[in-house]
Amino acid sequence: MTPAAPPHRGEGPRRGRGSGLRRRLLGRRPLRARLALVTATAVALVALGVLAAAYVVIRYELVRQLDLQLKQQAGTIAQQTHGGPGRGVLFNQCVWRAAPACAQIVPADPTAPGQQDLVLPVTGATRRVAAGTLGPYYSDITHDGRPMRMLTVPLQDRKGRALQVATRSDTVDLGVRQAGLYLGAVGAVGVLLAAVLGYAASRTSLRPVTRLTATAERIAATRDPAHRIELPPYEARRQDEITSLATSFNTMLGELEEAVAAQRRLVADASHELRTPLTALRTNAELLARADRLSAAQRERASDALGRQLREVTGMVNDLIELARDEEPQPLVEQVRLDRLTERCVAEARGHWPAAVFTADVTEVTVPGVPARLARLLSNLLDNAAKFSPAGAVVEVRLTRTDGTAELTVRDHGPGISAEDLPYVFDRFYRSRQARALPGSGLGLAMARQIARAHGAELTAEQAETGGARFRLAFPLGGGA
């Protein structure tokens with residue numbers, strides 16, 4: 001069996017080629033042109049349907065008027081010929097457009113005398129009408145090359161006789177043709193006008209999209225998210241999808257600009273904060289490189305300083321890595337007894353800050369979370385409270401539970417938070433005037449708020465009534481908590 005020849009290059013299934021061509025043609029046009037094309041096509045289809053219906057109605061009415069005229073003429077001639085001749089041609093003026101143009105009486109018997117000079121065509125249907133076996137009917141005929149409309153009716157006063165009345169119908173044909181031309185012209189003008197108006201409307205409606213595209217291209221070229229889509233007041237007042245798209249795009253650009261600015265601030269702040277310990281590290285490393293010139297006590301102090309600075313830099317880098325995480329890994333989330341975790345963190349804080357007095361008043365609460373991350377959050381709050389507390393001052397920790405909410409508060413009795421510092425206490429690397437003389441990098445509270453938000457909680461700071469600072473950590477509780 002001979003195998004089938006492979007298809008020639010470029011051959012493929014013929015089905016779908018037309019639709020693919022239409023897609024390619026439409027795809028090469030801009031959106032406003034495609035919208036205008038679709039609008040013009042829809043208007044053209046509707047217009048063609050309306051015009052076709054109008055053409056049919058006009059033709060029907062013209063023909064109906066001609067038929068009524070023939071019917072009236074037939075009734076008039078029947079009355080005029082009452083008792084007159086029983087057969088033969090009554091009017092033979094078929095060339096004229098006046099009515100009646102042609103009229104004749106036809107007997108049912110084809111052999112009856114007086115039928116040699118009949119001018120209108122006589123058929124079997126005419127004989128049946130004369131015989132009374134067929135009712136009146138209209139027909140289109142041609143006489144001497146001219147179109148005519150003919151009515152054949154039986155004569156009521158003469159048995160076996162039929163009356164034929166005909167008149168020229170070219171006036172009707174002319175009127176129908178003229179109506180078709182006028183309707184076609186109106187349709188063409190309407191489609192053209194619809195295309196122009198559709199293009200103008202699409203261009204006006206899609207103007208924000210054009211601005212959006214230009215803004216996106218400008219941002220891609222300049223890498224500057226400060227650009228915005230400018231909406232005129234009359235467009236901004238419209239509540240449509242395009243305006244909503246432009247507004248959402250501007251909002252997205254604002255968020256992007258803020259994120260880029262925050263990233264730049266983070267890099268700048270991190271560089272600034274790392275510059276001092278790195279300089280100290282380099283100094284101590286260079287000093288230890290000349291250890292033969294130092295005494296044993298000097299070498300020990302330099303080594304201790306180097307280790308302390310390494311731990312400080314390592315802790316800052318770890319904090320930055322932790323801040324780069326936006327969400328907690330879901331596989332590590334479990335049900336955590338927040339009261340037990342709080343007691344454990346308070347016990348560890350007593351060991352780290354022996355000069356501070358920690359008190360804990362907790363209620364049994366269970367929340368979903370990552371235990372290590374929640375412990376880091378509580379430790380940061382406790383360290384911050386102990387750092388700003390004078391020796392012997394009390395750091396109060398309370399965990400309460402109300403309907404649908406668990407609230408943990410950490411309150412110290414230090415200098416508190418000034419009104420000018422309160423909006424910025426959770427910013428990265430922000431340190432108030434009181435904190436600049438204390439150890440730390442200004443990342444602890446920023447990390448605490450990020451961990452809280454990753455667990456669906458909210459961390460706030462406030463000035464306590466009788467002095468000191470109070471931090472509130474609110475967890476939403478489910479039905480089974």
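Residues numbered from 1 in each chain as written. Predicted model: local features only at pLDDT ≥ 70, side-chain atom pairs only at ≥ 80, totals over all residues. Heavy atoms only, no water.

1. Focus: the sheet that holds strand β7 (residues 357-362)
So the rule is basically this: Any two strands are treated as partners once DSSP identifies two or more bridges connecting them. Strands are runs of DSSP state E lasting at least two residues, helices are runs of H or I lasting at least four, and both sets are numbered from the N terminus onward. To obtain each axis, a line is fitted to C-alpha atoms, and for helices this fit is confined to the stretch in contact; angles are then taken between N-to-C directions over 0 to 180 degrees.
Strand order across the open sheet formed by five strands is β7-β9-β10-β12-β11, with mixed pairing between neighbours. Where the open sheet ends on each side, the last strands, each with one partner, are β7 and β11 (458-463). In this sheet, neighbouring strand axes are inclined to one another by 15 degrees on average, regardless of whether the strands run parallel or antiparallel. Inspection of the sheet shows strand β9 (residues 394-402) paired to strand β10 (residues 405-411) by seven bridges, in the antiparallel sense. Bridging from a neighbouring strand, Arg401 pairs with Ala406 of β10.

2. Some points on the sheet that holds strand β2 (residues 102-107)
Backbone-to-backbone hydrogen bonds pair the strands of a sheet. The strands run either parallel or antiparallel. Strand order in the open sheet formed by five strands is β1-β2-β5-β4-β3, with antiparallel pairing between adjacent strands. Here the strands that pair on one side only, and so sit at the sheet edges, are β1 (88-92) and β3 (137-143). Pairs of neighbouring strands in the sheet enclose a mean axial angle of 25 degrees, with direction left out of account. In the sheet, β3 pairs with strand β4 (residues 146-154) via seven bridges, with the strands oriented antiparallel. For His143, the partnering residue across the bridge sits in β4 and is Arg146.

3. Overview of the pairing of strand β5 (residues 161-168)
For a regular strand, side-chain orientation follows a simple rule: the groups alternate between the two sheet faces. So the rule is basically this: Only protein chains enter the accessibility calculation, which uses a 1.4 Å probe; a residue is then buried when its area is under 20% of its type maximum, exposed when over 50%, and partly exposed in between.
Counting buried residues in β5 gives seven out of eight residues, a clear majority hidden from the surface. Across six bridges, β2 lies against β5 in antiparallel orientation. In the sheet register, Val106 faces β5, and the bridge partner there is Ala162. Pairing of β4 with β5 involves seven bridges; the strand directions are antiparallel. Its bridge partner lying in β5, Met150 is registered against Ala166.

4. Some points on helix α3 (residues 124-131)
Put simply, the rule is: Should any heavy atoms of two residues lie within 4.5 Å, those residues are considered in contact.
All of the buried residues in α3 are Ala125, Thr126, Arg127, Val129 and Ala130. Where α3 is buried, its residues touch β2, β3, β4 and β5. Downstream of α3 by one or two residues, Gly132 has phi in the positive range, about 90 degrees.

5. Here's the deal with the packing of aromatic side chains
What counts, and what does not: Only centres within 6.5 Å qualify two rings of Phe, Tyr or Trp (six-membered ring in Trp) as a pair; their planes then separate them into stacked at under 30 degrees, edge-to-face at over 60, and tilted for everything else.
One pass over the structure, following the stated rule, counts one aromatic pair. Ring geometry for Phe426 against Phe471: centres 6.2 Å apart, planes inclined by 85 degrees, an arrangement best described as edge-to-face. With Phe426 in the loop between β10 and α11 (444-454) and Phe471 in strand β12 (residues 469-476), this residue pair connects regions lying 45 residues apart in the sequence. Residues Phe426 and Phe471 agree in their burial class; the two are buried.

6. Here's the deal with the nonpolar core
Heads up, the rule is: Buried Ala, Val, Leu, Ile, Met, Phe, Trp, Tyr and Cys residues that are joined via side-chain atoms within 4.5 Å together make up what is termed a nonpolar core.
The biggest cluster of nonpolar side chains holds 40 residues, and the ones touching the most others in it are Phe471 and Leu473. When residues of this core are assigned to their parent elements, the largest contribution, eight residues, is made by helix α10 (residues 371-387). Membership of the second largest hydrophobic core comes to 10 residues, among which are Leu70, Ala103, Leu151 and Val153.

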